[in-house]
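Residues per chain are reported as follows:
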Amino acid sequence: MEPQTTSGRPEQLHLDWSAQAAAGPGQSGEAAGGATRPEVKQVSAAAERTRALEQDLMGRVADEANLVEALRRVCANKGSAGIDQMSVAELKAWFSQRTNREKLKEQLLSGTYQPALVRGVQIPKPGGKGVRQLGIPTVVDRLVQQAVLQVLEPIFDPNFSESSYGFRPGRGAHQALRQASQYVGEEGRIFVVDLDLEKFFDRVQHDVLMARVGRKVRDQRLLALIGRFLRAGMMQNGVCVRREEGTPQGGPLSPL
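Residues numbered from 1 in each chain as written. Predicted model: local features only at pLDDT ≥ 70, side-chain atom pairs only at ≥ 80, totals over all residues. Heavy atoms only, no water.

K.L.:
Got a minute to help me understand the environment of glutamine 220 in this structure?
P.N.:
Tracing the backbone shows glutamine 220 in helix H10 (residues 220-231). Using a relative accessible area of 30% as the deciding quantity, one classes glutamine 220 as partly exposed. (Helix = DSSP H or I, 4+ residues; strand = E, 2+ residues; numbered from the N terminus. Buried < 20%, exposed > 50% of the residue type's maximum accessible area, 1.4 Å probe, protein only.)

K.L.:
What am I meant to see in the nonpolar core here?
P.N.:
Where a protein is soluble and globular, its nonpolar side chains tend to be buried together. Residues Leu91, Leu108, Leu152, Leu222 and Leu225 are the most contacted members of the largest nonpolar core, which totals 38 residues. The set of elements that each furnish at least two residues to this core consists of helix H3 (57-61), helix H4 (64-77), helix H5 (88-96), helix H6 (98-110), helix H7 (139-156), helix H9 (206-213) and H10. Here this core gets eleven residues from one element, more than from any other, and that element is H7. (Core = buried A, V, L, I, M, F, W, Y, C linked by side-chain atoms within 4.5 Å.)

K.L.:
Looking at this structure, how should I read H5?
P.N.:
Note: α-helices contain 3.6 residues per turn, so residues at a spacing of three or four share the same orientation. Within H5 the residues assigned to the buried category are Val88, Leu91, Trp94 and Phe95. Buried residues of H5, viewed axially, fall in a sector of 100 degrees; they line one side. In this structure, H5 carries Ala89, Lys92 and Ser96 as exposed residues pointing more than 90 degrees from its buried face. On its buried side, H5 packs onto H4, H6 and H7. (Arc of directions from axis to C-beta. Contact = heavy atoms within 4.5 Å.)

K.L.:
When you look at the environment of leucine 91 in this model, what are you seeing that I'm missing?
P.N.:
Counting through the fold element by element, leucine 91 comes out in helix H5. On the basis of relative accessibility, which here comes to 0%, the residue leucine 91 falls in the buried class. Along the sequence, leucine 91 and leucine 71 sit 20 residues apart, while their C-alpha atoms lie 8.2 Å from each other. In contact with leucine 91, not counting residues within four places along its chain, are Leu71, Val74, Met86, Val139, Val140 and Leu143.

Given below as C-alpha cells:
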C-alpha cells in the first residue's frame, strides 16, 4: 500500500497563498500592491541564511533521519487506522521497504504527494456538551504530518504566548496548574473564567491560516502540502464530504 499521487495544480495554489503572505500582518492578499511603496530594509547575513532555510524546508522534511524519527513517534502514539485500514504495525513494515521510502521522499521533494481522505469520527465532549468531529488520517499521512511538525514546530513555537500550555513541547496541564496557583498565591486572584470557542477548529478559514503560515514558510512545496492536508476530504458513513474550511483534528500537525 502506497501514498496516492496526483498531477494536481498546486502551482496556482502556491501563488495565491504566497501573495496573501506577502501582504503582511493585518492585510489580505488583494490589499498587497496598493499605493504605498514597501519599505526597503537591509537584510543581515543571518537573515539571508534563515530565509534560505525557510525556502528549502521540504528537504528537511524528507530527510531520512527526520522520517525515521517521525515513524518512531507515530508508532509510539499508536492510534486508529485511516480509511485504508493500515495499522501502525503495518506502517513499520511498509517503511522498511526501500522502494516505499524512496518513492515517499521523491513525492515530497517534487511536491506531488497527495494525502488520502481522512476517516471521520465523532466523539462525545466532556460533560455531555455535544460531540467533537475528528478526522483520522491514514498512518502514512500521519507519518508525513509528523515529519512536517518536527520541522515547523521549532520555527513557530518560540513566538507563541508564554501563557499557552496546550500541545507544546515541554508544556502541559501540570505547568498550567502551577502558573494558576501562582496567580492565586502571589496576586490574590480568586476568579477563574472558562471559555470555549464552539467549533473553532471546524471553522478555521484556510486562506487566513495559510497567509499566516506563509509569513515564516517560503517553501512552496510545503505550503501546498499543508493546504492539501487542510482540504483533504472526509469519509464518514460511506460518504465523502468535501472540506472547504476547518482543520481536521486527529493528525499530528493539527495542534500546531
